[in-house]
Amino acid sequence: VTVIDDQALARLVDEIRNCVRYHDLMFTNYPVGRVIFVGGQAQNKQLCQKLAQNLGLPAQLGDPMAGIEPHYRTGPHSDLNIDKSNCDWTIAYGMGMGLKNTN
């Protein structure tokens, strides 16, 4: 578990608030309603809770594998635990979805 000091947390909250403000200005009909934590640090429950509390937004863990049937997510080659969130797979999953055959 990564420990974050109060000053670093405040800077991170400010940066995210700036992103939310920008989004709300650009997309006035679609305000940000929640924070979805993805990536390896999303497993840091304490950090995610502090961020959500400071932002004043509901939060959840994102799991890119949640929409995939379990028998496709597991196998002898897989170390995925289907009983927990696999938020640390978000970038790999997204990159795989973006690949195209350009030939």
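Structure report, in brief. All values derive from a computational prediction rather than experimental measurement.

1. So, the nonpolar core
Right, so step 1: Judged by nonpolar contacts, Leu9, Val13, Val35, Phe37, Ala42, Leu47, Cys48, Leu51, Leu55, Leu57 and Cys87 together constitute the single largest core of 11 residues.
Right, so step 2: Of all elements in the fold, only helix 1 (6-26), strand 1 (35-37) and helix 2 (45-55) reach the threshold of two or more residues within this core.
Right, so step 3: Per-element accounting of this core gives the leading share, four residues, to helix 2.
Right, so step 4: Once residues lying within four places of it in the same chain are set aside, the contact partners of phenylalanine 37 are Ala42, Cys48, Leu51, Ala52, Ala59, Gln60, Leu61, Gly62 and Cys87.

2. Overview of the packing of helix 1 against helix 2
Right, so step 1: Direction vectors running N to C along helix 1 and helix 2 enclose 55 degrees, while the axes themselves pass 10 Å from each other. Considered as vectors, helix 1 and helix 2 are oriented oblique to each other. The element helix 1 and its partner helix 2 pack so that their crossing is right-handed. Only Leu47, Lys50, Leu51, Asn54 and Leu55 of helix 2 make contact with helix 1, whose side of the interface consists of Leu9, Leu12, Val13, Ile16 and Arg17.

3. Some thoughts on a nonpolar patch on the surface
Right, so step 1: Together, Tyr22, Leu25, Met26, Phe27 and Tyr30 make up a nonpolar patch on the protein surface, roughly 640 Å² of accessible area in all.
Right, so step 2: Residue placement: leucine 25 occurs in helix 1.

4. Observations concerning the state of the cysteines
Right, so step 1: Scanning the model with the defined rule gives zero disulfides in all.
Right, so step 2: Cysteine 87 carries a free sulfur, and the closest cysteine sulfur to it, the one in cysteine 48, is 7.5 Å from it.

5. Some thoughts on helix 2
Right, so step 1: Every buried residue belonging to helix 2 is among Leu47, Cys48, Leu51, Ala52 and Leu55, and all of these are buried. Burial along helix 2 is one-sided: seen end-on, the buried residues are contained in an arc of 125 degrees. Of the exposed residues in helix 2, those oriented more than 90 degrees away from the buried face are Lys45 and Gln53.
Right, so step 2: Once helix 2 ends, the next one or two residues include glycine 56, with phi positive near 70 degrees.

Reading the values: the criteria
Residues numbered from 1 in each chain as written. Predicted model: local features only at pLDDT ≥ 70, side-chain atom pairs only at ≥ 80, totals over all residues. Heavy atoms only, no water. Core = buried A, V, L, I, M, F, W, Y, C linked by side-chain atoms within 4.5 Å. Buried < 20%, exposed > 50% of the residue type's maximum accessible area, 1.4 Å probe, protein only. Helix = DSSP H or I, 4+ residues; strand = E, 2+ residues; numbered from the N terminus. Contact = heavy atoms within 4.5 Å. Axes fitted to C-alpha atoms, helices over the stretch in contact; angles between N-to-C directions. Parallel < 35°, antiparallel > 145°, perpendicular 65-115°, else oblique. Left-handed = near helix turned anticlockwise from the far one by under 90°. Patch = residues over 30% accessible without salt bridge, like charges linked within 9 Å, V, L, I, M, F, W, Y side chains within 5 Å. Areas by Shrake-Rupley, 256 points an atom, 1.4 Å probe, with all protein chains shown as cover. Salt bridge = Lys/Arg side-chain N within 4 Å of Asp/Glu carboxyl O. Disulfide = S-S within 2.5 Å. Arc of directions from axis to C-beta.

Interpretation in functional terms is not warranted from these geometric data alone.
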